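# Breakdown of the fold
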Amino acid sequence: MTRAAAAAPAPAWRRSPVLGVAMIFGFTWLIGLALAAQSRGLLPPLVPSVAGLLIGYLVVAGAVVATWLQDGSNGVRALLLRFTVWRASPIRYLVALFGFPLIYVAALVIYMAASGAKPDFNAPPVTRFVPAGLSLLIVAPAWFLYEIFTNGEEIGWRGYLLPRLQSRYTALIATLIVAAVWGAWHFPKFLVVPATYN
């Protein structure tokens, strides 16, 4: 092999984030669409419903396999190490932790001021999911652990897709593309009956 042949550019599929997106969709939609079909009686119950909890980690699998195909083991190492770097200021962590609850409270205050309605704090929405008599002090840590162990989407969207798009587009355009892909990826969840994702 000559040096010119060794320096030839990689094929387009090796550079394109479409491979990773296709793998992520392929790995996850198989289960998501099967669960949706089962919920509508179109398929016998072949896939246990608990498999839906693991779909986030199939996003990880798709991202890792695509990264390995495109960048080799060093690429996979770099992908996973990206999640051990904490380089934001403490203010950003405070915004990340408390920003959404503050926005929620502000929206509630605006709603009450505009409509004159008073919210019923005796029956918060979480009571629909928590059995009566179970303390929220037990449920909150359990829910936090559930989210950690069942939701690996960030590695696919922010770890794999976003950096590849930002190498071609501005941060805003790349983020909007990720948002559109992320939204489309959730489509099978809207097909499940009863519609728990609305």
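To keep things clear, this report deals only with the structure shown in the data block. (Residues numbered from 1 in each chain as written. Predicted model: local features only at pLDDT ≥ 70, side-chain atom pairs only at ≥ 80, totals over all residues. Heavy atoms only, no water.)

### Examining the overall build of the chain
A tally of helices and strands in the chain yields nine helices and zero strands. In sequence order, the secondary structure elements of the chain are arranged as α-α-α-α-α-α-α-α-α. When the 198 residues of the chain are sorted by exposure, 25% land in the buried category. Sequence-distant contacts in the chain: of pairs separated by 6 or more residues, those separated by 24 or more amount to 69%. In the structure as shown, the chain presents an accessible area of about 14,000 Å², 73% of it carried by carbon and sulfur atoms. (Helix = DSSP H or I, 4+ residues; strand = E, 2+ residues; numbered from the N terminus. Buried < 20%, exposed > 50% of the residue type's maximum accessible area, 1.4 Å probe, protein only. Contact = heavy atoms within 4.5 Å. Areas by Shrake-Rupley, 256 points an atom, 1.4 Å probe, with all protein chains shown as cover.)

### Section: the nonpolar core
In terms of nonpolar packing, the biggest core is built from 20 residues, with Trp157, Leu161 and Trp185 touching the most fellow members. Listed by contribution, the elements that provide at least two residues to this core are helix H3 (18-39), helix H4 (55-81), helix H7 (153-166) and helix H8 (171-185). Not counting the four nearest positions on each side in its chain, Trp185 is found in contact with Ile24, Phe25, Thr28, Trp29, Ile55, Val59, Glu153 and Trp157. (Core = buried A, V, L, I, M, F, W, Y, C linked by side-chain atoms within 4.5 Å.)

### Some words on the side chain of Thr28
Mapped onto the fold, Thr28 is located in helix H3. With relative accessibility at 2%, the residue Thr28 sits in the buried group. One polar contact links the side chain of Thr28 to the main-chain carbonyl oxygen of Ile24, over a distance of 2.7 Å. If sequence neighbours within four positions are ignored, Thr28 has contacts with Ile55, Leu58, Val59 and Trp185. (Polar contact = N/O pair within 3.5 Å; in protein donor to acceptor, adjacent residues only side chain to side chain.)

### Some remarks on H8
Taking 1.5 Å as the rise per residue, H8 with 15 residues should run 21 Å; its terminal C-alpha atoms sit 21 Å apart, in good agreement. If you check which residues of H8 are buried, you get Ala174, Val178, Val181 and Trp185. With its buried residues spanning 65 degrees around the axis, H8 presents them on a single face. The exposed residues of H8 that point more than 90 degrees off its buried face are Leu172, Leu176 and Ala180. Elements in contact with the buried residues of H8: H3, H4, H7 and helix H9 (187-191). (Expected span 1.5 Å × (residues − 1). Arc of directions from axis to C-beta.)

### Brief notes about the packing of aromatic side chains
The description of two aromatic rings rests on the distance between their centres and on the angle between their planes. Applying the stated criterion across every chain yields a total of three aromatic pairs. An angle of 50 degrees between the planes, with centres 5.1 Å apart, marks the rings of Phe25 and Trp29 as tilted. In this pair, Phe25 and Trp29 both sit in helix H3, four residues apart, roughly one turn of the helix. Here the aromatic cluster, defined as three or more aromatic residues joined through ring pairs, consists of Phe25, Trp29 and Phe187. (Phe/Tyr/Trp six-rings, centres within 6.5 Å; stacked < 30°, edge-to-face > 60°.)

### Focus on the pattern of salt bridges
In the structure shown here, the tally under the stated rule is one salt bridge. Residues Arg164 and Asp71 are paired through a salt bridge, measuring 2.6 Å at the closest nitrogen-oxygen approach. In this pair, Arg164 sits in helix H7 while Asp71 sits in helix H4, placing the two residues 93 residues apart along the sequence. (Salt bridge = Lys/Arg side-chain N within 4 Å of Asp/Glu carboxyl O.)

### Some remarks on the packing of H4 against H7
Following both chains from N to C, one finds H4 and H7 inclined at 45 degrees, their axes separated by 7 Å at the closest point. Classified by the angle their axes make, H4 and H7 are oblique. Along this stretch, H4 crosses H7, giving a crossing that reads as left-handed. Contact residues: Gly56, Val59, Val60, Ala63, Ala66, Thr67, Gln70, Asp71, Leu79 and Leu80 in H4; Glu153, Ile155, Gly156, Trp157, Gly159, Tyr160 and Arg164 in H7. By residue class, the composition of the contact of H4 with H7 is nine nonpolar, five polar and three charged. (Axes fitted to C-alpha atoms, helices over the stretch in contact; angles between N-to-C directions. Parallel < 35°, antiparallel > 145°, perpendicular 65-115°, else oblique. Left-handed = near helix turned anticlockwise from the far one by under 90°. Nonpolar A, V, L, I, M, F, W, Y, C, P; charged D, E, K, R; others polar.)

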